[in-house]
Amino acid sequence: MSSSVKETFSDVPLDTRPAPAPPAPAALAAKVRTLAPTMTRSMQRVAEAVAGDPAGCAALTVTGLAERTGTSEATVVRTSRLLGYPGYRDLRLALAALAAQQAAGGAPAVTADIAVDDSLVDVVAKLAQEEQQCLADTAAGLDVTQLEAAVGALSSARRIDVYGIGASNLVGQDLAQKLLRIGLIAHAHSDPHLAVTNAVQMRTGDVAIAITHSGRTTDVIEPLRVAFDHGATTIAITGRPDGEIASYADHILTTSTARESELRPAAMSSRTSQLLVVDCLFIGVAQRTYETAAPALSASYEALAHRHSPRPR
């Protein structure tokens, strides 16, 4: 996509672009957990109701759900759209499917918050369950069409830049070093000034990846915007596909997160889901470029072999 075309595209309102596929029923609870903190209180009531009682809400009309939650029909419709569904009818279908999964024993588990007086045994159990749910939610909500498009762009990229701050930068470094080991030119930038100055050099055929759970991190959005305007293919890995980052992303890969608590900041769970997406991207690229990736990976192993202690006999 040329720079001029992309600049025109970036001026198009988000709601006129092709809509992503509605989230799978199993991803509904994850969407609620991710988006609820930024919703209005009335929308939170609707979201919490559908996540807490999918079977009961699936049986309600839009008027019935509005009455149950003490909101309006317009609020119910807006909440449906924010959760990723074209309208309330589509949300009801997802609720019915989720209720069927729960009845069959496949209901997502709700992990209790970690308390300050929990034993380490309980902490281990709760964290393990939370991480498993976070990964399952991310897998259920990941748009495979967007993933395939991102893999295709990375596989033929002349150069790859990855932008992330804090915990997201750790994920970006993980992705960059993986891609380097299969022969691709990839760099992860944590310094926002250096990220922008590098983004200025991006061109058509290059790929820029932004990692931000909130979708609102300015230090990540700015270099992605610059790369987008210069014609690079842009990818956003984010928990907020409706965030500002989406304005400058050709492909959006949505992650999930567990509930934030006093002893468990959101960065911990968001990093887990980001790493899953990164691994999916890496494996997809390695598969597509296997003839060159396999020898490059073998060479990197051999180059580091002497740095490992020999196995005891």
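Each remark here, short or long, concerns the structure printed above.
Residues numbered from 1 in each chain as written. Predicted model: local features only at pLDDT ≥ 70, side-chain atom pairs only at ≥ 80, totals over all residues. Heavy atoms only, no water.

Draft legend 1. Quick look at the overall build of the protein chain. Per the secondary structure count, the protein chain includes 14 helices and five strands. The buried share among the 313 residues of the protein chain stands at 45%. Restricting to contacts in the protein chain with at least 6 residues of sequence separation, those with at least 24 account for 72%. For the protein chain, the computed accessible surface area is about 15400 Å², with 57% contributed by carbon and sulfur atoms. (Helix = DSSP H or I, 4+ residues; strand = E, 2+ residues; numbered from the N terminus. Buried < 20%, exposed > 50% of the residue type's maximum accessible area, 1.4 Å probe, protein only. Contact = heavy atoms within 4.5 Å. Areas by Shrake-Rupley, 256 points an atom, 1.4 Å probe, with all protein chains shown as cover.)

Draft legend 2. Spotlight on the side chain of R159. Along the chain, R159 falls in the loop between helix 9 (144–155) and strand 1 (160–164). A distance of 3.1 Å separates the side chain of R159 from the side chain of D161, its partner in a polar contact. Residues within four places of R159 in sequence aside, it is in contact with I185, N198, Q201, M202, G205, D206 and V207. (Polar contact = N/O pair within 3.5 Å; in protein donor to acceptor, adjacent residues only side chain to side chain.)

Draft legend 3. Local environment of helix 11 (residues 192–199). Of all the residues in helix 11, the buried ones are A195, V196 and A199. Across the axial projection of helix 11, the buried residues extend over an arc of 95°, all falling on one side. Taken together, the buried residues of helix 11 touch strand 1, strand 2 (186–189) and helix 12 (218–229). Where helix 11 begins, the side chain of D191 points an oxygen toward the backbone nitrogen of H193, at a separation of 2.8 Å. (Arc of directions from axis to C-beta.)

Draft legend 4. Spotlight on the packing of aromatic side chains. Evaluated as defined, the whole model comprises one aromatic pair. Ring geometry for F228 against Y248: centres 6.2 Å apart, planes inclined by 70°, an arrangement best described as edge-to-face. Here F228, found in helix 12, pairs with Y248, found in the loop between strand 4 (233–238) and strand 5 (251–254); they are 20 residues apart in sequence, far enough to count as distant. Its guanidinium or amino end placed over the ring of Y301, R181 lies 4.7 Å from that ring's centre, counting from NZ or CZ. (Phe/Tyr/Trp six-rings, centres within 6.5 Å; stacked < 30°, edge-to-face > 60°. Lys NZ or Arg CZ within 6 Å of the ring centre and 35° of its normal.)

Draft legend 5. Expanded view of the pairing of strand 4. Of all six residues that make up strand 4, five are buried, and the element is covered over most of its length. Pairing analysis gives five bridges linking strand 3 (residues 207–211) to strand 4, with the strands arranged parallel. Looking across to strand 4, one finds that V207 is bridged to T233. The parallel pair strand 3 and strand 4 is bridged by helix 12, and the resulting crossover is right-handed. Strand direction decides the pairing type here: strand 4 and strand 5, joined by four bridges, are parallel. The residue of strand 5 that forms the bridge with A236 is I252. (Pairing = 2+ DSSP bridges. Right-handed = clockwise from strand over helix to strand, strands pointing away.)

Draft legend 6. The arrangement of the nonpolar core in detail. With 29 residues, the main nonpolar core has I160, L179, I209, L253 and L281 as its most contacted residues. Secondary-structure elements contributing two or more residues to this core are helix 9, strand 1, helix 10 (167–181), strand 3, strand 4 and helix 13 (266–288). Counting residues per element, this core draws most heavily on helix 13, at six residues. If we skip the residues at most four places from it in the chain, L281 touches L147, A150, V151, L154, I237 and L253. (Core = buried A, V, L, I, M, F, W, Y, C linked by side-chain atoms within 4.5 Å.)

Draft legend 7. Broad picture of the packing of helix 5 (residues 62–69) against helix 6 (residues 73–82). For the pair helix 5 and helix 6, the least separation of the axes is 8 Å and the interaxial angle reads 100°. Taken as axis vectors, helix 5 and helix 6 run roughly perpendicular relative to one another. In this structure, helix 5 uses V62, T63, L65 and A66 to contact helix 6, whose residues at the interface are E73, V76 and V77. Along the lines of polarity and charge, the residues of the contact of helix 5 with helix 6 split into five nonpolar, one polar and one charged. (Axes fitted to C-alpha atoms, helices over the stretch in contact; angles between N-to-C directions. Parallel < 35°, antiparallel > 145°, perpendicular 65-115°, else oblique. Nonpolar A, V, L, I, M, F, W, Y, C, P; charged D, E, K, R; others polar.)

Draft legend 8. Representation of the sheet that holds strand 4. One open sheet accounts for five strands, arranged 2-1-3-4-5; its pairing is parallel. Bordering the open sheet on either side are strand 2 and strand 5, each of which pairs with just one other strand. Each strand axis lies, on average, 15° off the axis of its neighbour in the sheet, ignoring direction. Along the sheet, helix 12 makes contact with strand 1, strand 3 and strand 4, crossing strand 3 at roughly 160°.

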